Amino acid sequence: MKSFAWLLCASLAAVLVAAPALAQQARPGQQQPAQTNQLAPLDVLMRNFESMAFGDAGERSKWTAVTRWREPVRAVLIGEKSDQFRNDVRGLFAVFEMLTGVPFSLADGDGGANVRIYFSERDWYRTQVARSFPRPDQVVCFTNTSVDTNGVIGAANTVIPEDLSARGVRTCLAHELLHAIGFQGHPMRSFDSALRNGIGIDRLTVNDQVLIRTLYDERLRFDMAPDEALTAATAIVTALQAKVLEAKDPLDVLAQRGRLPLTIPPWNGGPV
Ligand SMILES: [Zn+2]
């Protein structure tokens, strides 16, 4: 579920993408599926990469396929629960930094931050979520991402109610920060990923690690249409898959160290 709104930002139009984590309705006796954290087969990875990276079917942006950060990410945590979850955010950022080649850090104050993570009181959360989503009762936590016409992310706001359980907050952090780094949609609920809705996963899976690395590969260009980007992504995942299956720690073979900043193409014909 996503909603679009146009924001005027200087002379450029930016699109604000809002993506939530949705709750699974509790059913008595429901078992959590076993977590194996194994890399999915290529066709499953690519089918889910398509919906995760380019958005859920029917809600795709007309102008951009790939959305990513180029500039260093500096996040600020806001709210009384900040201290409790600072290390969880640090852990996710350390992995993001390795996989994307973009620096991720926590900012000292709000001034230099381009990502804001709110641990919000329930009343404030209700007001915010009612503004953005048609079925607010289903939205556990959400992220707004501001994206320019090239697909470059300029800012993101993640909102998590502070009255969730610690596991609930960690599940929201893993899920929402994947939206904040550029994943616009969701995988199938059977796909082992922190981005799936329903029964959440409170950490990044090996599937997530491979797909983050793929989204930030320089062979995926900002000016590619979804079909072109998917073809390029399939070649990238195919090569990564072989390395990951042989590695003891997938991060050893997935890290992008010393990559040059991703290039922005000339104006791509999007709105001005
Ligand atoms: Zn989501």
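Calculation criteria
Residues numbered from 1 in each chain as written. Predicted model: local features only at pLDDT ≥ 70, side-chain atom pairs only at ≥ 80, totals over all residues. Helix = DSSP H or I, 4+ residues; strand = E, 2+ residues; numbered from the N terminus. Buried ≥ 20, exposed ≤ 12 C-beta atoms within 10 Å, placed from the backbone. Contact = placed C-beta atoms within 7 Å. Pairing = 2+ DSSP bridges. Axes fitted to C-alpha atoms, helices over the stretch in contact; angles between N-to-C directions. Parallel < 35°, antiparallel > 145°, perpendicular 65-115°, else oblique. Left-handed = near helix turned anticlockwise from the far one by under 90°. Core = buried A, V, L, I, M, F, W, Y, C linked by C-beta atoms within 7 Å. Nonpolar A, V, L, I, M, F, W, Y, C, P; charged D, E, K, R; others polar.

J.: So what's going on with the overall build of the protein chain? Which residues, and what values?
T.: Assigned secondary structure in the protein chain consists of seven helices and seven strands. Counted from the first residue to the last, the protein chain has its helices and strands arranged as β-β-α-β-α-β-β-α-β-β-α-α-α-α. Considering the protein chain as a whole, with its 272 residues, one finds that 43% of them fall into the buried category. Within the protein chain, contacts between residues separated by at least 24 positions form 73% of all contacts whose residues are at least 6 apart in sequence.

J.: Tell me what's going on with the pairing of strand S7 (residues 153–161), and back it up with residues and numbers.
T.: Every regular strand shows the same layout, with side chains that alternate between the two sheet faces. In terms of burial, S7 is largely enclosed, as seven of its nine residues are buried. Relative to S7, strand S5 (residues 115–120) runs parallel, the two being bridged by six bridges. By the bridge assignment, Phe-119 is partnered in S7 with Ile-160. Inspection of the sheet shows strand S6 (residues 139–147) paired to S7 by six bridges, in the antiparallel sense. Its bridge partner being in S7, Thr-143 is matched across the sheet by Thr-158.

J.: So what about the pairing of strand S3 (residues 73–78)? Which residues, and what values?
T.: Where burial is concerned, the two faces of S3 differ: the one with Val-73, Ala-75 and Leu-77 is buried and the one with Arg-74, Val-76 and Ile-78 is not. Taken together, the three bridges between S3 and strand S4 (residues 104–106) define a ladder with parallel strand orientation. Its bridge partner lying in S4, Val-73 is registered against Phe-104. Judged from the four bridges that link them, S3 and S5 form a sheet pairing that is parallel. Paired with Ala-75 across the strands is Val-115, a residue of S5.

J.: Can you lay out helix H2 (residues 82–100) for me, pointing to particular residues and giving the numbers?
T.: Buried within H2 we find Phe-85, Val-89, Leu-92, Phe-96, Leu-99 and Thr-100. The secondary structure elements touched by the buried residues of H2 are S3, S4, S5, helix H4 (166–180), helix H5 (206–215) and helix H7 (250–254). Looking one or two places after H2, you find Gly-101, whose phi comes out positive at around 80°.

J.: Before we move on, could you go through the environment of Leu-262 and cite the residues and values that matter?
T.: Within the element layout of this structure, Leu-262 appears in the segment after H7. Residues Leu-262 and Trp-69 lie 193 residues apart in sequence; the distance between their C-alpha atoms is 8.7 Å. When residues no more than four places from it in sequence are discounted, the contact partners of Leu-262 are Arg-68, Arg-70 and Glu-218.

J.: Describe in detail the packing of helix H1 (residues 42–54) against helix H6 (residues 226–246), supporting the description with residues and values.
T.: Angle between the axes and distance between the axes are the two parameters that describe a pair of packed helices. Two elements in contact, H1 and H6, have axes whose closest approach is 10 Å; the angle formed by their N-to-C orientations is 135°. In terms of axis orientation, H1 runs oblique to H6. Helix-helix and strand crossings are classified by hand; for H1 and H6 the assignment is right-handed. For the pair H1 and H6, the contacting residues are Leu-42, Leu-45, Met-46, Phe-49, Glu-50 and Phe-54 in the first and Pro-226, Leu-230, Ala-233, Thr-234, Val-237, Thr-238 and Gln-241 in the second.

J.: Give a description of the environment of Gly-101 that names residues and reports values.
T.: Within the secondary structure layout, Gly-101 lies in the loop between H2 and S4. Sequence separation of Gly-101 and Arg-70 is 31 residues, and the distance between their C-alpha atoms is 9.3 Å. Contacts of Gly-101, omitting those with residues within four sequence positions, involve Tyr-216, Gln-256 and Arg-259.

J.: Account for the nonpolar core, naming residues and giving values.
T.: Within the largest apolar cluster, 69 residues are counted, with the highest numbers of intra-cluster contacts made by Val-66, Leu-173, Ala-174, Ile-181 and Val-210. Residues within four places of Val-210 in sequence aside, it is in contact with Leu-39, Leu-45, Val-237, Leu-240, Val-244 and Leu-254.

J.: Residue-level account of the packing of H2 against H5, with values.
T.: It is the contact of H2 with H5, at a shortest axis distance of 8 Å, that shows an interaxial angle of 50°. Considering the angle they form, H2 stands oblique to H5. Residue-level contacts link Phe-96, Leu-99 and Thr-100 of H2 to Gln-209, Ile-212 and Arg-213 of H5. Classifying every residue of the contact of H2 with H5 gives three nonpolar, two polar and one charged.

J.: Just give me the short version of H5, but keep the residues and values in it.
T.: Burial within H5 is extensive, with ten of its ten residues counted as buried. Every buried residue of H5 is accounted for by Val-206, Asn-207, Asp-208, Gln-209, Val-210, Leu-211, Ile-212, Arg-213, Thr-214 and Leu-215. Each element contacted by the buried residues of H5 is listed here: H1, H2, H4, H6 and H7.

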